Amino acid sequence: MLKTNTPHEKDIDETLALSQEGYLYIKNRMDKHKSDLFQTHLFGQEAICITGKEAAEIFYDTERFVRSGAAPKRVQKTLTGENAIQGMDGEAHIHRKSLFMTLTTDPNPRALADLASKEWEAAIPRWEAAEKINLFDESKIVLCKIACQWAGVPLLEAETKEYADDFAEMIDAFGAVGPRHWKGKTARTKTEKWIETIIDNLRAGRLKAPENSALYMVANHKELNGNLLEIDMAAKELINFIRPIVAISTYITFMAVALHEHSDYKNVLLNDADAAHMFVQEVRRFYPFPPFVGAKVKKEFAWNGCDFKTGTLVILDVFGIDHDSRIWENPYEFQPERFRTWQYNPFEFIPHGGGDPANGHRCPGESITVEIMKATLNFLVNKIQYKVPDQDLSYNMTRIPTFPKSGFVITNVTSK
């Protein structure tokens, strides 16, 4: 399949090694081979792993790669939904993506950030009365509530934690086997049925929703053939608006860790208008969340001494690129100031994927993530005071996705 000078691993499936090494699986082998690519076997098929800015530019070239068939079924059945937008290509993908672009660009990021700010401040009295607060758990609930409110999805207060946990279990199932996978699969099946009922009620006139809401627009979205989305697909895509917002709970928890471990930066945040944006960007770059992403070769090409045959699975090392010393000085040091002078490049900083979100596969919700994180950072710095008791804030790099073991516990909360 490949030219003989291409670095390669043993001719055995390395899916188990991937699960055992997690975020560092690709980096470990890139270091070993001193190369930006290597051949291996993953998920029962031949695969090529790639890293670096140039690799990202190639990977997000829609003339060279397709997403159809790239994501394992177990990921589709938990995280993304089977045959949903993440696995689409060509004109159909661009048409479906236009729906996502409409709903994730201005004024939606700011609107969601404002909802988050209100919910965080509303929680203060309860937090003041509580013995301790787990920020990761609280974030899931707040984000589920505001995501459904913004999307126009009816959600009772008593149901919020239940569905927040379901969305979180879908996210936690990525890269998982055994109980975590089963929980994610069960949560998705349950949530899809719930959302299907809501969409059916809207289409039948039994439920109303604002015409600019995600619920209304997804329920009434028409495919290129002029037909409405099938109700099961409409449910999957509506979930693909809500679930990523709930996923920001992981970034929020890491952000609180960063604020605690780099407390000297609080003075910068109080006195520098650009500091919040820099801090949020560095959290997204520094801490592990998305590990890698896959695609399949659309048409044969050669790069870096390697022949990429049509249909070959290719894995891009997202974590590795966000920690590439050729791009980032001292990449394993937390330095928000690096973003003061950083010149935007869509292939150097890819926690939400690379390239153009309108025409490619970069996540269109990136600005929503940034604005919600900034609103939450403002809350943590300017709206409350709290203590951080002794706890285990470490995170396991072999677990995908990972997060601080303690979930970031705070006590003695008071308003400022």
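As the structure is a computational prediction, the values presented were derived from the model and not from experiment.

A. Spotlight on the nonpolar core. In this structure, Trp127, Phe279, Val283 and Ile372 are the most contacted members of the largest nonpolar core, which totals 108 residues. If one sorts the elements of this core by residue count, helix H12 (residues 231-261) sits on top with 19 residues. Setting aside anything within four residues of it in sequence, one finds tryptophan 127 in contact with Trp120, Ile133, Leu135, Glu138, Phe379, Ile384, Ile410 and Val413. Core analysis: the next-biggest nonpolar cluster, separate from the first, contains 21 residues, Ile58, Phe301, Cys306 and Phe347 among them.

B. Highlighting the sheet that holds strand E5 (residues 293-297). Spatially, 5 strands are ordered E1-E2-E8-E5-E3 in an open sheet, and the strand pairing comes out mixed. Looking at the sheet topology across the chains shown, the edges are occupied by strand E1 (37-42) and strand E3 (65-66). Pairing of E3 with E5 involves 2 bridges; the strand directions are antiparallel. Looking at the pairing, valine 66 lines up with lysine 296 of E5. Sitting on the sheet, helix H2 (residues 25-33) is in contact with E1, strand E2 (45-50) and strand E8 (313-316), with an inclination near 135 degrees to E1.

C. Layout of the environment of arginine 285. As for its placement among the helices and strands, arginine 285 is situated in helix H14 (residues 275-286). The class for arginine 285 is buried, based on a relative accessible area of 0%. Sequence-wise, arginine 285 and tyrosine 332 are 47 residues apart; in three dimensions their C-alpha atoms are separated by 9.8 Å. Beyond its immediate chain neighbours, meaning those up to four positions away, arginine 285 contacts Asp322, His323, Trp328, Pro331, Glu333, Arg338, Phe339 and Phe349.

D. Region of interest: helix H5 (residues 90-104). Given a rise of 1.5 Å per residue, 15 residues ought to cover 21 Å, and the 21 Å separating the end C-alpha atoms of H5 matches this to within 8%. In this fold, the buried residues of H5 make contact with helix H6 (108-122), helix H8 (135-151), helix H11 (214-219), H12 and helix H16 (366-383).

E. Structural view of the sheet that holds strand E9 (residues 384-387). Across the sheet, 3 strands lie side by side as E4-E10-E9; this open sheet has antiparallel pairing. Unpaired on one side and paired on the other, strand E4 (133-134) and E9 mark the two borders of the sheet. Looking at chain direction, E4 and strand E10 (residues 409-415) are connected through 2 bridges and run antiparallel. From the neighbouring strand, asparagine 134 faces E10, where its bridge partner is valine 409. Contacts between H16 and the sheet are confined to E9 and E10, with E9 contributing the most and set at about 80 degrees to the helix.

F. Layout of the packing of H8 against helix H9 (residues 160-172). The interhelical angle for the contact between H8 and H9, taken along N-to-C directions, is 100 degrees, at an axis separation of 9 Å. Here H8 is positioned roughly perpendicular relative to H9, judged by the angle of their axes. On the side of H8, the interface is formed by Lys140, Ile141, Cys144 and Lys145, while H9 contributes Thr160, Lys161, Tyr163, Ala164, Asp165, Phe167 and Ala168. Residues that form the contact of H8 with H9 fall into these classes: 6 nonpolar, 1 polar and 4 charged.

G. Structural view of the packing of aromatic side chains. On inspection of all chains with the given rule, the structure shows 31 aromatic pairs. Where tyrosine 23 meets phenylalanine 319, the ring centres are 5.7 Å apart and the plane angle is 65 degrees; that geometry is what we call edge-to-face. With a gap of 296 residues between them, tyrosine 23 in the loop between helix H1 (15-21) and H2 and phenylalanine 319 in helix H15 (residues 318-321) connect regions that are remote in the sequence. There is no split in this pair, since tyrosine 23 and phenylalanine 319 are both buried. A centroid spacing of 4.8 Å and a plane angle of 85 degrees characterise the contact between phenylalanine 286 and tyrosine 287, whose relative ring orientation is edge-to-face.

H. View of unusual backbone geometry. Following aspartate 106, the chain continues into proline 107 via a peptide bond in cis, with omega recorded as 5 degrees. Position of proline 107 relative to the elements: it lies in the loop between H5 and H6. Of note, the amide linkage connecting isoleucine 400 to proline 401 takes the cis form, showing an omega dihedral of -5 degrees. Mapped onto the elements of the fold, proline 401 is located in the loop between E9 and E10. A positive phi angle, near 65 degrees, is found at asparagine 83, a position not held by glycine. Here asparagine 83 is to be found in the loop between helix H4 (73-80) and H5. Look at asparagine 412: it is not a glycine, yet its phi comes out positive at around 50 degrees.

I. View of H8. A rise of 1.5 Å per residue sets the reference length of H8, with its 17 residues, at 24 Å; its end C-alpha atoms lie 24 Å apart and thus fit the reference within 8%. For H8, a buried count of 13 out of 17 residues is recorded, marking the element as mostly surrounded by other parts of the structure. The opening residue of H8 is asparagine 134, an N-cap whose side-chain oxygen sits 3.1 Å from the backbone nitrogen of phenylalanine 136. A positive backbone phi angle near 85 degrees is found at glycine 152, which sits one or two residues after H8.

J. Quick look at the pairing of E2. Pairing of E1 with E2 involves 6 bridges; the strand directions are antiparallel. When the sheet's bridge partners are listed, leucine 37 is paired in E2 with isoleucine 50. Adjacent in sequence and paired antiparallel, E1 and E2 are bridged by 2 residues, among which phenylalanine 43 carries a positive phi angle near 55 degrees. With 4 bridges connecting them, E2 and E8 associate as parallel partners.

K. Up close: the pattern of salt bridges. A complete count under the given rule lists 32 salt bridges for this structure. A salt bridge links aspartate 172 to arginine 180, with the shortest nitrogen-to-oxygen separation between them at 3.2 Å. What makes aspartate 172 buried here is its relative accessible area of 17%. Overall, arginine 180 belongs to the partly exposed group, its relative accessible area being 24%. For the salt bridge of arginine 188 with glutamate 192, the shortest nitrogen-to-oxygen distance reads 2.8 Å. With arginine 188 and glutamate 192 both in helix H10 (residues 179-203) and 4 residues apart, the pair spans about one turn of that helix. Among the ionic contacts, a cluster of salt bridges with common partners joins Arg110, Asp114, Glu371 and Lys374.

Each value, and the rule that gives it
- Positions within a chain are numbered from 1, following the residues in the order the chain's sequence is written.
- Where totals are concerned, whole chains, interfaces and linings use all residues; where local detail is concerned, this predicted model gives features only for residues with pLDDT of at least 70, and gives and counts side-chain atom pairs only at 80 or more.
- Water and hydrogen atoms were dropped before computing side-chain values, which therefore reflect all heavy atoms in the structure.
- Among buried residues, those of type Ala, Val, Leu, Ile, Met, Phe, Trp, Tyr and Cys that are joined through side-chain atoms within 4.5 Å constitute a nonpolar core.
- We call a residue buried when its accessible area falls under 20% of the maximum for its residue type, exposed when it is over 50%, and partly exposed in between, using a 1.4 Å probe and counting protein chains only.
- In this text, helices come from DSSP runs of H or I with a minimum length of four residues, and strands from runs of E with a minimum of two, each type numbered from the N-terminal end.
- Contact definition: two residues touch when any of their heavy atoms are within 4.5 Å.
- Two strands pair if DSSP finds at least two bridges between them.
- Axis lines are fitted to C-alpha atoms, over the contacting stretch for helices. Their N-to-C directions set the angle, which ranges from 0 to 180 degrees.
- Helix span, expected: 1.5 Å multiplied by one less than the number of residues in the helix.
- Just so you know how the angles are binned, under 35 degrees is roughly parallel, over 145 roughly antiparallel, 65 to 115 roughly perpendicular, and the rest oblique.
- Gly is put with the polar residues, along with every residue not named as nonpolar or charged; the nonpolar set is Ala, Val, Leu, Ile, Met, Phe, Trp, Tyr, Cys and Pro, and the charged set is Asp, Glu, Lys and Arg.
- Think of it this way: a Phe, Tyr or Trp ring, Trp meaning its six-membered ring, pairs with another when their centres are within 6.5 Å, and the plane angle makes it stacked under 30 degrees, edge-to-face over 60, tilted otherwise.
- Any pair of N or O atoms that falls within 3.5 Å is considered a polar contact. Within protein, one atom must be able to donate a hydrogen and the other to accept it, and sequence-neighbouring residues count only if both atoms are side-chain atoms.
- Whenever Lys or Arg places a side-chain nitrogen within 4 Å of a carboxyl oxygen from Asp or Glu, that contact is recorded as a salt bridge.

Bear in mind that shape data such as this cannot, by itself, settle questions of function.
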